[in-house]
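# Working through the structure, step by step
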Amino acid sequence: MEKIQENKIDVENNDNIVKVKKVFNFKEYYHSNPEFKARHLAKCLTKITCQCGRVYNKAHECKHLRSDIHKRELLKKQIA
């Protein structure tokens, strides 16, 4: 059974002027646009070799740069 999700609408009321904004739904866009899906997937799976010597996916770049392994490997390279 599929769960149907309604599009949420944000309403701003500034001095009797009402602005209606449609919320962007990434999941719908991703599944309805196969060209975007292929580009996004290719970009996320791009392999990067870090200066510490580790290889990781572009999607995990932020997590890797904050990790203890990254910091430890950089310290080893600086000492050597």
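Going along each chain's sequence as written, the residues are numbered from 1 onward. Thresholds applied to this predicted model are a pLDDT of at least 70 for local features of residues and 80 or more for the giving and counting of side-chain atom pairs; totals over whole chains, interfaces and linings are not thresholded and use all residues. Where side-chain values are given, they derive from all heavy atoms of the structure, hydrogens and water being excluded.

Turning to the overall build of the protein, a few remarks are in order. Starting at the N terminus, helices and strands are each numbered in turn, a helix being any DSSP run of H or I of at least four residues and a strand any DSSP run of E of at least two. A count of helical and extended segments in the protein gives 4 helices and 4 strands. Sequence-ordered secondary structure for the protein, helices as α and strands as β, is β-β-α-α-β-β-α-α. In this description, accessible areas are obtained by the Shrake-Rupley approach with a 1.4 Å probe, and a residue is regarded as covered only by the protein chains that are shown. Counting only carbon and sulfur atoms, one obtains 55% of the accessible surface of the protein, whose full area is about 7600 Å².

What counts as a ring pair is set by centres within 6.5 Å for rings of Phe, Tyr and Trp (its six-membered ring), and what kind of pair is set by the plane angle: stacked under 30 degrees, edge-to-face over 60, tilted for all other angles. Taken as a whole, this structure holds 5 aromatic pairs when the rule is applied. On the basis of an interplanar angle of 55° and a centroid distance of 4.9 Å, the ring pair of Tyr-29 and Phe-36 is categorised as tilted. Seen from their ring centres, Tyr-30 and Phe-36 are 6.3 Å apart, and the 90° between their planes marks the pair as edge-to-face. Clustering of aromatic rings is evident, with ring pairs tying together Phe-24, Phe-26, Tyr-29, Tyr-30 and Phe-36.

This paragraph deals with the state of the cysteines. Two cysteine sulfur atoms form a disulfide, by the criterion used here, when they sit within 2.5 Å. Applying the stated criterion across every chain yields a total of 0 disulfides. Not part of a disulfide, Cys-50 finds its nearest cysteine sulfur in Cys-52, a span of 3.7 Å.

A few words now on a nonpolar patch on the surface. Like charges are joined within 9 Å and nonpolar side chains (Val, Leu, Ile, Met, Phe, Trp, Tyr) within 5 Å, but only among residues with over 30% relative accessible area and no salt bridge; these make up the patches. When a carboxyl oxygen of Asp or Glu is within 4 Å of a side-chain nitrogen of Lys or Arg, the pair counts as a salt bridge. A contiguous nonpolar surface patch, about 320 Å² in accessible area, is contributed by Phe-24, Phe-26 and Tyr-29. With a relative accessible area of 38%, Phe-26 lands in the partly exposed category. Only protein chains enter the calculation, and the probe is 1.4 Å; a residue is then buried if its accessible area is under 20% of its type maximum, exposed if over 50%, and partly exposed in between.

Further remarks concern the pattern of salt bridges. Within this structure, the stated rule accounts for 3 salt bridges. For the salt bridge of Glu-73 with Arg-54, the shortest nitrogen-to-oxygen distance reads 4.0 Å. Taken together, the residues Glu-73 in helix H4 (residues 68–79) and Arg-54 in the loop between strand E3 (47–49) and strand E4 (55–57) connect sequence positions 19 residues apart. The class of Arg-54 is partly exposed, set by a relative accessible area of 38%. Across the pair Lys-76 and Glu-73 runs a salt bridge whose closest N-O atoms are separated by 3.7 Å. With a gap of 3 residues between them, Lys-76 and Glu-73 both fall in helix H4, about one helical turn apart. Linked by salt bridges that have partners in common, Arg-54, Glu-73 and Lys-76 make up one network.

pLDDT expresses how confident the predictor is about each individual residue, on a scale running from 0 to 100. In this model, the protein carries an average pLDDT of 82, and 74% of its residues clear a pLDDT of 70 or more. Residue contacts follow a heavy-atom distance rule, with two residues in contact if any of their heavy atoms lie within 4.5 Å. Segment residues 1–6 is flagged for pLDDT under 50; beyond a separation of four residues in sequence, or across chains, it makes 1 contact in the model.

Before going further, it helps to examine the environment of His-60. Of note, His-60 is situated in the loop between E4 and helix H3 (61–65). Among the residues examined, His-60 registers a relative accessible area of 44% and is labelled partly exposed. His-60 sits 13 residues away from Lys-47 along the chain, and the two C-alpha atoms are 9.9 Å apart.

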